[in-house]
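Chain by chain, the residues:
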Amino acid sequence: MRKLLLSIVSLTLVGCLGMPQTVQPVKDFKLDNYLGQWYEIARLDHSFERGLSQVTAEYTLRKDGGVSVLNRGYYAATKEWKEAEGKAYFVNSPDEGYLKVSFFGPFYGSYVVFELEKENYEYAFVSGPNNDYLWLLSRSPRVSADIIERFEQLAKQKGFDIEQLIYVEQE
């Protein structure tokens, strides 16, 4: 019984580290170029972000080689800023855009960068462990219509429900 319980707990802890079958993390990923502030342009809805606008993510290097994550958004209903602090680590190698991120103790979820503007890291398309998690991040609060069109086309090809996308209000 003890082994069964341990197996179930272990599977639960690593169960969110997969990725959609249609998604492949970018190669030649350079963490130093990815660090800094990103604006959330679009996302699929989830309870942990529901109702938030002006959403940003700040990535900084940790002393242990991981990444500190600070997600921030404005909740207009209560006129309050909400923040979530987390940590992330590479799943395979540091040159692959595949990380595991945790905001709740030992529980990790996938963070898969599957499209990235390579020259200046101006935008990134990010997935979670399955097709229910999708984000378009940008270094600026607005992106061109061409980037949005590319994001929607690629996301649709990869099986994401783009009809459910939320475009985040950024001021």
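Preceding block: the structure.
Residues numbered from 1 in each chain as written. Predicted model: local features only at pLDDT ≥ 70, side-chain atom pairs only at ≥ 80, totals over all residues. Heavy atoms only, no water.

Trainee: An account of the environment of E169 is requested, with residue identities and associated values reported.
Mentor: Secondary-structure assignment places E169 in the segment after β9 (165-167). On a C-alpha basis, the gap between E169 and V55 in space is 8.2 Å, while along the polypeptide they are 114 residues apart. Once residues within four sequence positions are removed from consideration, E169 is found in contact with S53 and Q54. (Helix = DSSP H or I, 4+ residues; strand = E, 2+ residues; numbered from the N terminus. Contact = heavy atoms within 4.5 Å.)

Trainee: Break down the packing of aromatic side chains for me, with residues and values.
Mentor: This model, assessed by the stated rule, comprises 14 aromatic pairs. Measuring from ring centre to ring centre gives 6.3 Å for F29 and Y121, while their planes differ by 45°; the resulting arrangement is tilted. Linking F29 in the loop between α1 (2-14) and α2 (31-34) with Y121 in the loop between β6 (107-116) and β7 (123-127), this pair joins segments that are 92 residues apart in sequence. Residue classification places F29 among the buried residues on the basis of a relative accessible area of 4%. Aromatic rings pair up to connect F29, Y34, W38, Y59, F90, Y111 and Y121 into one cluster. Seen from the ring of Y75, K82 lies directly overhead, with NZ or CZ sitting 4.9 Å from the centre. The residue whose ring lies beneath K100 is Y108, and the NZ or CZ to ring-centre distance is 4.8 Å. (Phe/Tyr/Trp six-rings, centres within 6.5 Å; stacked < 30°, edge-to-face > 60°. Buried < 20%, exposed > 50% of the residue type's maximum accessible area, 1.4 Å probe, protein only. Lys NZ or Arg CZ within 6 Å of the ring centre and 35° of its normal.)

Trainee: Talk me through helix α3 (residues 145-157); I want residue IDs and the actual numbers.
Mentor: Count 3.6 residues to each turn of an α-helix, and residues three or four apart come out pointing the same way. Between its first and last C-alpha, α3 extends 18 Å over 13 residues, near the 18 Å set by a 1.5 Å rise per residue. Among the residues making up α3, those that are buried are I147, F151, L154 and A155. Each buried residue of α3 lies within a common arc of 100° when the element is viewed along its axis, so the set occupies one face. Summarising the geometry of α3, the exposed residues directed more than 90 degrees from the buried face are A145, D146, K156 and Q157. Summarising the contacts, the buried residues of α3 are in contact with β1 (36-44), β6, β7, β8 (134-138) and β9. Of the residues one or two after α3, G159 is the one with positive phi, at around 95°. (Expected span 1.5 Å × (residues − 1). Arc of directions from axis to C-beta.)

Trainee: Explain the layout of surface pockets to me, and be specific about the residues and the numbers.
Mentor: When its volume is computed, the largest pocket comes out at roughly 940 Å³. Lining the largest pocket are 40 residues, and of these F48, N71, V101, F103 and W135 lie nearest its centre. Within the residue set of the lining of the largest pocket, elements represented by two or more residues are α2, β1, β2 (52-61), β3 (67-75), β4 (80-90), β5 (98-104), β6 and β8. For the lining of the largest pocket, the leading source of residues is β3, giving six residues. (1 Å grid on protein atoms, 1.4 Å probe; cavity = no way out; pocket = protein on both sides within 12 Å on 5 of 7 lines; lining within 4 Å. Points joined across faces, edges and corners; volume = space filled by probe spheres on them.)

Trainee: Residues and numbers for the pattern of salt bridges, please.
Mentor: Tallied over the full model, the rule gives six salt bridges. R62 is the partner of D64 in a salt bridge, and the nearest nitrogen-oxygen pair spans 3.2 Å. Under the relative-accessibility criterion, R62 is labelled partly exposed at 27%. (Salt bridge = Lys/Arg side-chain N within 4 Å of Asp/Glu carboxyl O.)

Trainee: So what about the environment of D45? Which residues, and what values?
Mentor: With respect to the secondary-structure elements, D45 resides in the loop between β1 and β2. For the pair formed by D45 and L165, sequence separation is 120 residues and the distance between their alpha carbons is 7.2 Å. In this view, D45 contacts R50 and I166; residues no more than four positions away in its chain are not counted. A polar atom in the side chain of D45 sits 2.9 Å from the side chain of R50. (Polar contact = N/O pair within 3.5 Å; in protein donor to acceptor, adjacent residues only side chain to side chain.)

These results come straight from atomic positions and should not be treated as a statement about function.
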